[in-house]
Each structure stands twice: as structure tokens, then as C-alpha cells.
Amino acid sequence: MARSLGATDVGSLAKSLQEMSMNGTEPPPQYFLKENSIKPMDSFLPSDPIPIIDISLFSSSSSLSSKEGEDELEKLKSALTSWGCFQAIGHGISSSFLDKVREVAKQFFALPVEEKQKYSREVDGSEGYGNDRILSENQVLDWLYRLSLRLRPVDQRKLQLWPENPNEFREVLDEYGTKVKIIMDVLFKAMAKSLNLEENSFSSQFGERAVMQTRFNFYLSCPRPDLVLGVKPHSDRSGITVLLQDKEVEGLQVFKDDKWFKVPVIPHALVVNLGDQMQIMSNGIFKSPIHRVVTNSERMRISVAMFNEPEPEKEIGPVEGLIDEKRPRLYRDVKNYASFNFECFQKGVVPLESAKI
Ligand code: OGA
Ligand code: NI
């Protein structure tokens, strides 16, 4: 049984990442990938690129039933069954507001370490600022700092962990959360429609008290991008994730057909990817893609992820209309996927596999 490291170990590692990045120090082996290294040739720009979808066509029933709307819906279905992700344009959030979100994130990260530590993650908590939670000795560490905050249900916000500096941080985050929630609701309906289901087939499974969580990711430049990842390969445990990428620096890659594909930067687009719970609800028709973030030795990269997942106490499972003789039920009903996911992670098993019948 692996020993779990105490808070002091976490603290000392946490401090050194920023220093190691600044000084160009060789990272300690805890950060090294176990089996293989990453060569620049290992990832590609897809020749059949990650789809770009104009989601403004999904926002009203009249545009949805137009020829253009129907074509876009078909594109959505194809994107989610093959890639499990796409780049959304026409989402209605102005480029200047997206820049504002990036800007407050950048300003927060630029604060002195002591100031950021006011918002440090509690030892066993999941919210706040810090590095990887260390759960076992042989865990490979990710080269980043995160600030994780719950936005919804609103009465569960831990405002003491929401930065007050820069002073617009809270306001911008709140507004961004509201805007992204609207986009997600439009997408749930469009996804259901694309599979000829009732439009609330997915949204009703999220419940009134669905959880919305945000994660600011701060990837520092890393002296060994051949050995160290920003984030290890994973699929999101969410229902759906909306990611605002850095405007200039690439890093995100998606695994498809046994290869890693780069997700190119499109400054005004939002990357949408599905999480495990949507793969379950769609009975495996839609994919929750495996993705990772690579590091680079020159520039830091910032991204902001918004995760939406069903209310923990609600049982979720494959939508009835997606189960038939040709496609039998693949997954059992599950609830509290967040804890389920965490237990699987500790046991070293893949959650989506464990949820199979
Ligand atoms: C995540 C994630 C990708 C990125 O936070 O789950 O995959 O580009 N982030 O930061
Ligand atoms: Ni992810």
C-alpha cells in the first residue's frame, strides 16, 4: 500500500515548481513519465481537423430546423461520436470578454506566492489553489498549478477561496460562469436533438442542483518537455467541459485512432469536450475523449475549464431511447460519479470500464 504524503511534502513540492520553472532547474523524477518520453513527432495536426461548429445555429428552434441548422446538427453528432470534442464558434461571448477572463487569470497567477497561498487548497479538499493532490508515492506529477472553484449550486460557493485580487476576479468569474451555463444548456438540447431524442433527455439527468466547477490551469515553462507533461492523459469525469484555451500557446492534445492530435489555438473559440458521464448517458454513442497537455520550455500557458456534472445524488444512466437490440445497454446506472471516479483512480482502474455492465 502506498504511503500518502503529508501536507508539508506537498507544500515543499508546490513551492519548488515555480522556482524550478524560473531557474530552469532539472525537475525531480516524480514528474517524469514512467514508460516513454514525448517526442515532437508524436503528435500531429490532424489532416481531418477537429471540427469547428457554429453553435449559434442551435440557439433557437427556427434556426435549428433550417437547412443550415440541420447540417450543423449532423456535424455535431459526427464530432461527438468520433472525436468527443469540437471547437465552438458563434457561442455569443465576445472576444473582449474572453480576453478579460484570460487577463484576470493571468493577473492572479502573477501575484506573489504568499498572496496566492491565501487561497490554498485544504489538504483533503478539492477546491482552492495548488499543485496535484499527492495520493501515492509512485504518482507521476503534473507540471502545473490549478485554482479550482465550485460555482454551482450557488449556495455551495466557498467565497473565501475566490481571489479578491485582481479586484474584478470574482465578478468576471461569476459572469463567465453564467455565460458558459447558457452555452451548455443549448448544447444539451442540440445533442439530444441530434440523436432524435426529446430535447431534455440529457439536461433532465443533471437535475436542478447540477454541479458547475471551474479550474484555472497555469502551466509553467518546463526545462524537460520531453519527459514532463502539463497534465497526464485522462478523460474528464464531467458531463461536459468547456475550455477556454490560451490565446497564443498550444499544449492540449486529444487521443484518437491511436494517435495524439494537437488542438490548435483559435482565439475566439471555446473547446467543448464531453466527459465520462455523457458517454454513459449516451450509451457509449458519444465519446469522452482521452486528452493530455504537453509542456514547452519557452512560455507559460493558461487555460480555464468549466465542468458541468449531474447533481451527485441523482442516478444517471443511458437514455432509454438509445438502448435497443442492436445497441444493448452498455453501462449501469451510477450516482455520485465524482466519488466513484476518485475511488477508481485510487485503485488504478478506469472508471468508464468499471461502470460497464
Ligand atoms: C482539464 C484539462 C486542458 C487544458 O483541466 O481537465 O484537460 O488545455 N485541461 O488545460
Ligand atoms: Ni481534462
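Coordinates for the structure precede this section.
Residues numbered from 1 in each chain as written. Chains lettered and ligands numbered in written order. Predicted model: local features only at pLDDT ≥ 70, side-chain atom pairs only at ≥ 80, totals over all residues. Heavy atoms only, no water.

Moving on to the coordination of the nickel ion (ligand 2). Ideal values differ by geometry: the angle at a metal is 109.5 degrees with four tetrahedral donors, but 90 or 180 degrees with six octahedral donors. Donor atoms from the polypeptide that coordinate the nickel ion (ligand 2) comprise His234 (NE2), Asp236 (OD) and His291 (NE2), at 2.1 Å from the metal. Between consecutive donor residues of the nickel ion (ligand 2), the sequence gaps follow H-x1-D-x54-H. Linking Asp236 in the loop between strand S7 (229-234) and strand S8 (240-244) with His291 in strand S12 (residues 291-294), this pair joins segments that are 55 residues apart in sequence. Taking relative accessible area as the criterion, Asp236 reaches 6% and is therefore assigned buried. Judged by its relative accessible area of 8%, His291 falls in the buried class. (Donors = N, O, S within 2.8 Å, 3.2 Å for Na, K, Ca; no water. Helix = DSSP H or I, 4+ residues; strand = E, 2+ residues; numbered from the N terminus. Buried < 20%, exposed > 50% of the residue type's maximum accessible area, 1.4 Å probe, protein only.)

Running from N to C, helix H4 (residues 95-109) and helix H6 (residues 169-194) point in directions that differ by 140°, and their axes come no closer than 10 Å. Here H6 runs oblique to H4, going by the angle between their axes. The interaxial crossing formed by H4 with H6 has left-handed handedness. Contact residues: H4 offers Phe97, Leu98, Lys100, Val101, Val104 and Phe108, while H6 offers Phe169, Val172, Glu175, Tyr176 and Lys179. (Axes fitted to C-alpha atoms, helices over the stretch in contact; angles between N-to-C directions. Parallel < 35°, antiparallel > 145°, perpendicular 65-115°, else oblique. Left-handed = near helix turned anticlockwise from the far one by under 90°. Contact = heavy atoms within 4.5 Å.)

The subject of this paragraph is the site of ligand 1. Taken together, Arg215, Asn217, Tyr219, His234, Asp236, Leu243, Leu252, His291, Val293, Arg301, Ser303 and Phe307 are the residues near ligand 1. Arg215 places a polar side-chain atom, nitrogen or oxygen, 2.9 Å from an oxygen atom of ligand 1. For ligand 1, whose free accessible area comes to 290 Å², the fraction covered by protein is 97%. For the shell around ligand 1, the elements supplying multiple residues, two or more each, are strand S6 (211-219), S12 and strand S13 (301-309). The residue inventory of the shell around ligand 1, partitioned by class, reads five nonpolar, four polar and three charged. (Near = heavy atom within 4 Å. Polar contact = N/O pair within 3.5 Å; in protein donor to acceptor, adjacent residues only side chain to side chain. Areas by Shrake-Rupley, 256 points an atom, 1.4 Å probe, with all protein chains shown as cover. Nonpolar A, V, L, I, M, F, W, Y, C, P; charged D, E, K, R; others polar.)

Once that is clear, we can look at the nonpolar core. With 84 residues, the main nonpolar core has Phe58, Phe86, Tyr176, Met191, Phe202 and Phe218 as its most contacted residues. Examining the composition of this core, we find that 13 residues originate from one element, H6, more than from any other. The residues contacting Phe218, other than those within four sequence positions of it, are Ala105, Phe108, Phe109, Tyr129, Leu144, Tyr145, Leu147, Met300, Arg301 and Ile302. Listed in part, the 15 residues of the second largest apolar core include Ile50, Cys85, Leu243 and Ala305. (Core = buried A, V, L, I, M, F, W, Y, C linked by side-chain atoms within 4.5 Å.)

What follows deals with helix H3 (residues 67-82). With 16 residues, H3 ought to run about 22 Å at 1.5 Å a step, and its terminal C-alpha atoms sit 23 Å apart, in line with that. Three or more residues of H3 are buried, namely Gly69, Glu72, Leu73, Leu76, Ala79 and Leu80. All buried residues of H3 lie within an arc of 125° about the axis, which places them on one face of the element. Residues of H3 that are buried sit in contact with strand S2 (52-54), helix H2 (61-64), strand S3 (85-89), H6 and strand S11 (270-274). Once H3 ends, the next one or two residues include Gly84, with phi positive near 80°. (Expected span 1.5 Å × (residues − 1). Arc of directions from axis to C-beta.)

So, on to the packing of H3 against H6. Relative orientation and spacing of two packed helices are given, respectively, by the angle between their axes and the distance between those axes. For the pair H3 and H6, interaxial distance at closest approach is 9 Å and the crossing angle is 90°. Here H3 is positioned roughly perpendicular relative to H6, judged by the angle of their axes. On the side of H3, the interface is formed by Leu73, Leu76, Lys77 and Leu80, while H6 contributes Ala190, Met191, Lys193 and Ser194. Class assignment of the residues belonging to the contact of H3 with H6 gives a composition of five nonpolar, one polar and two charged.

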